Amino acid sequence: MNLFVRATEALSDRIAGTGSEDGGVAIVRNHNALICPYERGVPLEADYGGRIAQFVTGAPLEARVRVSMLFGAPLTGEAERSAAGAVLSAVTGFFGFARHLQGCAIEDRPPCLRQLDAETAGRRVYLVGASPLLEHRLADRLAAEPGDADLLLVLGHGLVTDTGLAAVEGAGADREVLLLGPSTGGVAMLLECAHWCPYGR
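This section reports on the structure supplied with the text. (Residues numbered from 1 in each chain as written. Predicted model: local features only at pLDDT ≥ 70, side-chain atom pairs only at ≥ 80, totals over all residues. Heavy atoms only, no water.)

**Regarding empty space enclosed by the protein**
Under the criterion given, the structure shown has one cavity of 30 Å³ or more. Size it by volume and the largest cavity reaches roughly 80 Å³. Looking at the largest cavity, it is lined by 13 residues, and the ones nearest its centre are Cys36, Cys104, Cys112, Gly181 and Cys197. Residues belonging to the lining of the largest cavity are distributed by class as follows: ten nonpolar, three polar and no charged. (1 Å grid on protein atoms, 1.4 Å probe; cavity = no way out; pocket = protein on both sides within 12 Å on 5 of 7 lines; lining within 4 Å. Points joined across faces, edges and corners; volume = space filled by probe spheres on them. Nonpolar A, V, L, I, M, F, W, Y, C, P; charged D, E, K, R; others polar.)

**A look at the nonpolar core**
Most often, soluble globular proteins keep nonpolar side chains buried together rather than apart. Among the nonpolar cores identified, the biggest contains 46 residues, and Leu3, Phe4, Val25, Ile27, Val154, Leu159 and Val187 are the most heavily contacted of them. Setting aside anything within four residues of it in sequence, one finds Val154 in contact with Val128, Leu159, Val168, Val177, Leu178, Leu179, Leu180 and Thr184. Cys36, Tyr38, Leu116 and Leu134 belong to the second-largest nonpolar core, a separate cluster that totals 15 residues. (Core = buried A, V, L, I, M, F, W, Y, C linked by side-chain atoms within 4.5 Å. Buried < 20%, exposed > 50% of the residue type's maximum accessible area, 1.4 Å probe, protein only. Contact = heavy atoms within 4.5 Å.)

**Description of the sheet that holds strand 1 (residues 24-29)**
Spatial ordering of the open sheet is given by 3-2-1-4, a layout of four strands whose pairing is antiparallel. Looking along the sheet, the strands with just one partner apiece sit at the ends: strand 3 (51-57) and strand 4 (63-66). Averaged over neighbouring strand pairs, the angle between their axes works out to 25 degrees when direction is ignored. Note that strand 1 and strand 4 share four bridges and pair antiparallel. Each bridged residue has a counterpart across the sheet, and for Ala26 the counterpart in strand 4 is Arg64. Docked against the sheet, helix 2 (residues 78-94) engages strand 1, strand 2 (42-48), strand 3 and strand 4, running at close to 155 degrees with respect to strand 3. (Pairing = 2+ DSSP bridges. Helix = DSSP H or I, 4+ residues; strand = E, 2+ residues; numbered from the N terminus. Axes fitted to C-alpha atoms, helices over the stretch in contact; angles between N-to-C directions.)

**Quick look at unusual backbone geometry**
The phi torsion at Leu75 lies on the positive side, around 50 degrees, for a residue other than glycine. Structurally, Leu75 is set in the loop between strand 4 and helix 2. Overall, Leu75 belongs to the buried group, its relative accessible area being 6%.

**Some details on helix 1 (residues 3-15)**
Each α-helix turn comprises 3.6 residues. Residues three or four places apart therefore point the same way. Across its 13 residues, helix 1 extends 18 Å between first and last C-alpha, which sits within 8% of the 18 Å expected from 1.5 Å per residue. For helix 1, the full list of buried residues reads Leu3, Phe4, Val5, Ala7, Thr8, Ala10, Leu11, Ser12 and Ile15. Structurally, the start of helix 1 carries an N-cap: the backbone nitrogen of Phe4 is 2.9 Å from a side-chain oxygen of Asn2. Positive phi shows up at Gly17, right after helix 1, with a value of about 85 degrees. (Expected span 1.5 Å × (residues − 1). Polar contact = N/O pair within 3.5 Å; in protein donor to acceptor, adjacent residues only side chain to side chain.)

**So, the sheet that holds strand 6 (residues 151-154)**
Spatially, 5-6-7-8 is the arrangement adopted by the four strands of the open sheet, whose pairing is parallel. The outermost strands of the open sheet, each flanked by one partner alone, are strand 5 (125-128) and strand 8 (195-196). Two elements, strand 7 (residues 176-180) and strand 8, share two bridges in a ladder whose sense is parallel. Across the sheet, Leu180 pairs through a bridge with Trp196, a residue of strand 8.

If you want it as structure tokens, here you go:
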């Protein structure tokens, strides 16, 4: 069972019987959206009850769905996982479970990068998902393989891939996992994973 399926089960447990599971979510592309500078891909936006959450992905899927459609779905493809990630963030944001749903303001980017640099100092890092900015900033400590790292930094567009999921789900007790950016906020909150997005909106 992949972690997106586990996250939808956790959401189901939280909202079952409230009627919220029957709520509709519109998922659309927004190429003009200001996204997290670590992420690469097409920004999807999911709107649930007026709360809008981003998921940046290489496999965008536009749709109108009910929240309950996630429950029991296998979520085996990148497009389905990306849409699910957007919905999970929007719904958890609506209920106030997750707070940072969209990319930060331009002026917040330098302090975020400085703080992330300091947070990861002294550790071998593996990036789950391509990020030219982080590849440059963390070049002296990047590991070529997940097994060589002390810390996995996980971006949403990497997490939806089979390879990325396998790396995260295969991380042992000796390997820390840190989900980055607003794309991973809903999943991180529902699965109680460490999450980094101090300036997201």
